[in-house]
Structure formats: C-alpha cells, structure tokens
Amino acid sequence: MKHRILFLGPPGAGKGTQAQRLCATHDMIHLSTGDLLRAEVAAGSKLGYEVEATMNRGELITDSLVFAIVESHLRSQCGYWLLDGFPRSLAQAQSLEVLLLQLGQPIEAVVLLDLDDSMVLRRLAARGRTDDSETVIRHRLEVYHEKASPLINYYRQQGLLSTVAAQGTAEETAARIEEVIR
C-alpha cells in the first residue's frame, strides 16, 4: 500500500472527508493546508504570526509561506502522510518534489477525485454556507480548472496519477480510492 499520497480535485469532491477516512484507517497523517495554517496561527508560531498578519491585511497567503508551513510539518513526520490542498500550482508541485526527494519521501500516488461540475454545484449549494452562492462556486470551479490542469498533467506524466470517480456515496468513493493505492 502507498503511504505518501496527494489528493487533487475540485471543491466539493470530498477530499477532506476521504482524507480523514483514509488516514484513520491506515495510520497516516492528514496534512490539510487550511488546517495547518489555522494550527500555526493558534500555536502562535513565527509562521503563524506571518499568516495572521497577512490575513489581517486582507492578502492571500503567499506560496512561500504556505510551502514553509508544509515543509515544517513534512520534516516532522514519519513519512506516512496524505497532502490535501497542496500543491495548488505547478511551481508548488516542483518545489514539493525537490523537498520530498531531500527527505527521502517521494510521492507514491496522486489521487484525482473527479466530479462533474454540475455535481459540485449541487453538493456545495446543499451545504448552505453563505460563501457557497452559485456565482462564487462557478468562480471557484473556473480557478480550480485553470490551476489544476497543469498539475494533473504533471503528475500524469510522472505516472503517479490515478483518477477516481467521486460521485456516489462516501463509502463507494473510499472503496475506489483503496483500489488505486494498493
């Protein structure tokens, strides 16, 4: 079984749900960039202070700051991890590859949770969150497709990418993921 996994997929595909399930089942660390950023802020670390200051200015967290936080956590892990929400660009993927080679922890599998845009719209609208209006969701999907395409091609060319249909129940999707990481 593969123990260094990266999840890609559109918002609403179930990356977080599936990552939690897989990590609990296989004793892996779930490294979600959103969770890591919040944890650094809560811990009052130097990196957390930078994240909080950036957010308070209304700016996006820079690639270098996100990478520093991911790097810090990867350096402290045993090598059994699942990355969710990072990398988000080809430059981040290439930097991550260099780091993981230095750590002797190369990515073993990239799982693309594939979900039709119309299903993404339905799932996210059903959550009922104020930031999940159809206009916002459509914009997030546009950004996702623009950013994800080079990543998908990058990992496909490396022979690491497996596409998993993310429709159906969470259990059905989990079973499909289990098949591709064996």
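Structure first, text after, so check above.
Described in the following lines is the structure provided in the data block. Remember, predicted model here, so these are calculated numbers, not experimental data.

### With respect to the packing of helix α4 (residues 63-75) against helix α5 (residues 90-103)
- Remark: α4 packs on α5, axes separated minimally by 11 Å, with the N-to-C direction vectors making an angle of 25°. Between α4 and α5, the angle is such that the two are roughly parallel. As for how α4 packs across α5, the hand of that crossing is right-handed. Contacts from D63, F67, E71, L74 and R75 in α4 reach Q92, S95, L96, L99, L100, Q102 and L103 in α5.

### Description of the sheet that holds strand β3 (residues 81-84)
- With parallel pairing, the 5 strands of this open sheet are ordered in space as β2-β3-β1-β4-β5. Each of the sheet's edge strands pairs with one partner strand only, and the pair in question is β2 (29-32) and β5 (161-165). Sheet twist, expressed as the average angle between the axes of neighbouring strands with direction ignored, equals 25°.
- Pairing geometry for strand β1 (residues 4-8) and β3, over 4 bridges, is parallel. Paired with I5 across the two strands is L82, which belongs to β3.
- Contacting β1, β4 (109-114) and β5, helix α7 (residues 134-157) runs over the sheet at an angle of about 145° to β1.
- Strands β1, β4 and β5 of the sheet are contacted by helix α8 (residues 170-181), whose axis makes an angle of about 160° with β5.

Each value, and the rule that gives it
- Residues numbered from 1 in each chain as written.
- Predicted model: local features only at pLDDT ≥ 70, side-chain atom pairs only at ≥ 80, totals over all residues.
- Heavy atoms only, no water.
- Axes fitted to C-alpha atoms, helices over the stretch in contact; angles between N-to-C directions.
- Helix = DSSP H or I, 4+ residues; strand = E, 2+ residues; numbered from the N terminus.
- Parallel < 35°, antiparallel > 145°, perpendicular 65-115°, else oblique.
- Left-handed = near helix turned anticlockwise from the far one by under 90°.
- Contact = heavy atoms within 4.5 Å.
- Pairing = 2+ DSSP bridges.

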